[in-house]
Amino acid sequence: MYYPYGLFDPTYILIIIGAVITMIASSKMNSTFRRYSRVRCHCGLTGSQAAERILQHAGIYDVSVERVRGELTDHYDPRSKTLRLSDSTYGSDSIAAIGVAAHECGHAVQHQKGYVPLTIRGALVPIVNIGSNLSWVFIIAGIFLSMNQTLLHIGIALFSLAVIFQLVTLPVEFNASARALRILGSTGIMYGEEVDQTKKVLKAAALTYVAGAAAALLSLLRLIILFGGNDRDR
Ligand SMILES: [Zn+2]
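This structure is a prediction, so every number in the text was calculated from the model and none was measured.

Visitor: What is the right way to read the environment of Gly70 from this model?
Guide: Relative to the helices and strands, Gly70 resides in the loop between β1 (64-68) and β2 (75-77). Look at Gly70 and you get partly exposed, because its relative accessible area is 35%. Considered as a pair, Gly70 and Gly114 are 44 residues apart in the sequence and their alpha carbons are 29 Å apart. If sequence neighbours within four positions are ignored, Gly70 has contacts with Ser86 and Asp87.

Visitor: Sorry, what's going on with helix α1 (residues 12-37) here?
Guide: An α-helix turns once every 3.6 residues. As a result, residues three or four positions apart point the same way. An ideal rise of 1.5 Å per residue puts 38 Å on 26 residues; α1 measures up with 37 Å between its terminal C-alpha atoms. Burial in α1 covers these residues: Leu14, Gly18, Ala25, Met29, Thr32, Phe33 and Tyr36. Turning to α1, the residues buried within the fold contact α3 (87-90), α4 (95-113) and α7 (192-227).

Visitor: In this structure, what is going on with the coordination of the zinc ion? I would like to understand it.
Guide: Any two of four tetrahedral donors ideally make an angle of 109.5 degrees at the metal, while pairs among six octahedral donors ideally make 90 or 180 degrees. The protein atoms donating to the zinc ion are His103 (NE2), His107 (NE2) and Glu173 (OE), with metal-donor distances spanning 2.0 to 2.1 Å. The sequence motif formed by the donor residues of the zinc ion is H-x3-H-x65-E. Of the two residues, His107 sits in helix α4 while Glu173 sits in helix α6 (residues 149-186), which places them 66 residues apart along the sequence. You can call Glu173 buried: its relative accessible area is 6%.

Each value, and the rule that gives it
Residues numbered from 1 in each chain as written. Predicted model: local features only at pLDDT ≥ 70, side-chain atom pairs only at ≥ 80, totals over all residues. Heavy atoms only, no water. Helix = DSSP H or I, 4+ residues; strand = E, 2+ residues; numbered from the N terminus. Buried < 20%, exposed > 50% of the residue type's maximum accessible area, 1.4 Å probe, protein only. Contact = heavy atoms within 4.5 Å. Expected span 1.5 Å × (residues − 1). Donors = N, O, S within 2.8 Å, 3.2 Å for Na, K, Ca; no water.

Have a look at this one:
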């Protein structure tokens, strides 16, 4: 039997579960970040000063530290070798700010050392950007062309690229945080107790990536249930 692709078919529950997991992780992240934004680090350094010190300590002299607008927009750009810290991180001397700054430095260190998952992730970015948009074009075209299996399967394959990208992101993020915690302790920027508090912040941040990956996997599972099989029996 052939049936049209309904928005609220039973598999939609997978999308809802994914959305709930994502919401829980992001609210946990926000509350942890807010909490440790109010705790000052004994070192008296701001996020940007801590980043400069960490980069120097790691022997990295060709990465510049800049300020970027927004909240939690902090990132390391490997192409321009720029570490961008958001308004709430750049000038703040809180545990949360220095933790985030150190995490971004962790990415700069990964880049310098040629950490393989980061390289794979970087190579996937352009493919995933095109693939994830195209996947829906193929899926919708497949639905309209009487459930054309070839088009649907290409759509699912393209969508799975985005899922692989999310999965490769996990080791990159966990590793950057592990490096950050090690460096913060060994440079004396943070005391042991402060490192533990930072660990909570970075763990909450990492959970949002885990939730994102789980939600993407659930979406993929849904597409496979809906369109992955052979249509002979429909
Ligand atoms: Zn990161």
